[in-house]
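Coordinates in review
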Amino acid sequence: MLPSTKHTAALLGGVLLAVLTGCGTPAEKGNAAATTPSSRAKPALPGMPPVLDAKDVYAADRPGKLSPVVKDFPSRVYVPNTNSDTVSVIDPATYKVIRTIEVGRQPQHVVPSWDLKTLWVNNDIGDSLTAIDPATGKVGRTVPVSDPYNLYFTPDGKYAVVMASMDRELVFRDAHTMKTAKTVPVSCAGVNHADFSADGRYFIVSCEFSGELLKVDTARMKIVGQQKLPVKGAMPQDVKLSPDGGTFYIADMIANGVWALDGEKFTTPKLLPTGKGAHGLYVSRDSKEMYISNRGEGSISVFDFTQRKLAKKWHLPEGGSPDMGGVSADGKVLWLSGRYHSEVYAIDTVSGKQLARIPVGSGPHGLAVYPQPGRYSLGHTGVFR
């Protein structure tokens, strides 16, 4: 999260001691029993598309496996510039900005809708969502929504979940009309990122400013668990489920690493140090690795899911502030915004080599690479299953 008139008061520093402890289409819906390690023998959320592979929740995200809904969309990178109130549109083939779109005040993330048909720009201070048609690039309607710092979608496609950070609320809205269905007040500060269990029945939310995690029952729209992270000044960020569904990983900018959480038990997670300012988490197209952007040191750590350890680290030449982003449809390029450097980085996912450094507006944040493989979107900058 970037300091702003709305968020500055909540941003507090902290002292770190980081110790290692311890497919089909969106129309294809149905009930399925989740058989991942974390939810074996439990029925999936009603209406959620059936799990394709019990051992891999990202089985639908293989290279080039585009849904019929998005297969003809032009490949683009959409970059919300928080301080410029614009979205830069990059052609990944040329590494050039081909268009700049004016949006509402302080756009934080560009979020693919559950049905893959719309990109929602989260205008946080502007209290609105701006729709972009990814087929044409045209700007559509703007919907009034209070404090939309981030946006997710329930796995059944029924609701959007607004992460209203400064309002201290999780707001469940109709996924299409954005009409409020239920508002859930939270006692923690800075709700911002989340991910869903393999069976879709609950999701884990990070509370950035109070260093806490929430567990939320999806169907009941109710908080069923809350805990404080065991590091002074902890500042949890992005959340990502492991391919086997057994572990939630939570990046932490102050703990300088990634927490490993058993979502079912919701016990105290263990910390894996990765680098200064750990922020964004992105799964490789083969589900074998996870890319971790370390915003405070200009590096990307690569985590091996099988070995459950860091495999390598890539440093950006001339440094930088790698933040949020996504992986290209073919899996060959990792795209990350440079939060404090008004630029975007394109990184080769095999060698870690920087392919391009592209100037954009001020304060680039939650960029979306689109289209990407997958049957449906869970939101954020593109979490597909």
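Note that the structure is a prediction, hence the values are computed from the model and not measured.

Strand order in this open sheet of 4 strands is S5-S4-S3-S30, and the pairing throughout is antiparallel. A strand with exactly one partner marks an edge of an open sheet, and here the two such strands are strand S5 (96–102) and strand S30 (368–370). Across this sheet, the average inter-strand angle for adjacent strands is 25 degrees, counted without regard to direction. Sheet analysis places strand S3 (residues 76–81) next to strand S4 (residues 86–91), joined by 5 bridges and oriented antiparallel.

The omega angle of the peptide bond from Tyr370 to Pro371 is 0 degrees, so this bond is cis rather than trans. Mapped onto the elements of the fold, Pro371 is located in the segment after S30. Even without a glycine there, the phi angle at Met221 is positive, about 50 degrees. Position of Met221 relative to the elements: it lies in the loop between strand S16 (212–217) and strand S17 (222–228). The backbone of Ser287 sits at a positive phi, close to 65 degrees, despite the residue not being glycine. Mapped onto the elements of the fold, Ser287 is located in the loop between strand S22 (278–283) and strand S23 (289–294).

Turning our attention to the nonpolar core. Here is a general trend for soluble globular proteins: nonpolar side chains tend to be buried in one another's company. One finds Leu151, Phe153, Met163, Leu170, Val191, Phe203 and Val205 to be the most contacted residues of the largest nonpolar core, which totals 39 residues. Contributions of two or more residues to this core are made by strand S8 (128–132), strand S10 (150–153), strand S11 (159–164), strand S12 (169–174), strand S14 (191–196), strand S15 (202–207) and S16. It is S11 that provides the largest number of residues to this core, a total of 6 residues. Beyond its immediate sequence surroundings of up to four residues, Phe203 is in contact with Val161, Met163, Phe172, Ala194, Asp195, Phe196, Leu214, Lys215, Val216 and Thr218. Val231, Ile250, Phe266 and Met290 belong to the second-largest nonpolar core, a separate cluster that totals 29 residues.

Tallied over the full model, the rule gives 11 salt bridges. Salt bridges linked by common partners bring Arg295, Asp323 and Arg339 together as one network.

To continue, consider the sheet that holds strand S24 (residues 299–304). Read from one edge to the other, the open sheet built from 4 strands follows the order S22-S23-S24-S25, with strand pairing classed as antiparallel. Every interior strand has two partners, whereas the edge strands, S22 and strand S25 (309–315), have only one. Within the sheet, the average angular offset between the axes of one strand and its neighbour, ignoring direction, is 25 degrees. The pairing of S22 with S23 spans 5 bridges and is classified as antiparallel. Bridge pairing in S23 links Gly280 to Ser293.

The next thing to look at is the pairing of S10. Put simply, side chains in a regular strand alternate between the two faces of the sheet. What you see with S10 is no split at all: Asn150 and Tyr152 on one side and Leu151 and Phe153 on the other are buried throughout. Note that S10 and S11 share 4 bridges and pair antiparallel. Bridging from a neighbouring strand, Asn150 pairs with Met163 of S11. Where S10 folds back on S11, the antiparallel hairpin that results is connected by 5 residues, among which Gly157 adopts a positive phi of roughly 75 degrees.

Calculation notes
Residues numbered from 1 in each chain as written. Predicted model: local features only at pLDDT ≥ 70, side-chain atom pairs only at ≥ 80, totals over all residues. Heavy atoms only, no water. Pairing = 2+ DSSP bridges. Helix = DSSP H or I, 4+ residues; strand = E, 2+ residues; numbered from the N terminus. Axes fitted to C-alpha atoms, helices over the stretch in contact; angles between N-to-C directions. Core = buried A, V, L, I, M, F, W, Y, C linked by side-chain atoms within 4.5 Å. Buried < 20%, exposed > 50% of the residue type's maximum accessible area, 1.4 Å probe, protein only. Contact = heavy atoms within 4.5 Å. Salt bridge = Lys/Arg side-chain N within 4 Å of Asp/Glu carboxyl O.

Don't take any of this as a statement about function, it's just geometry.
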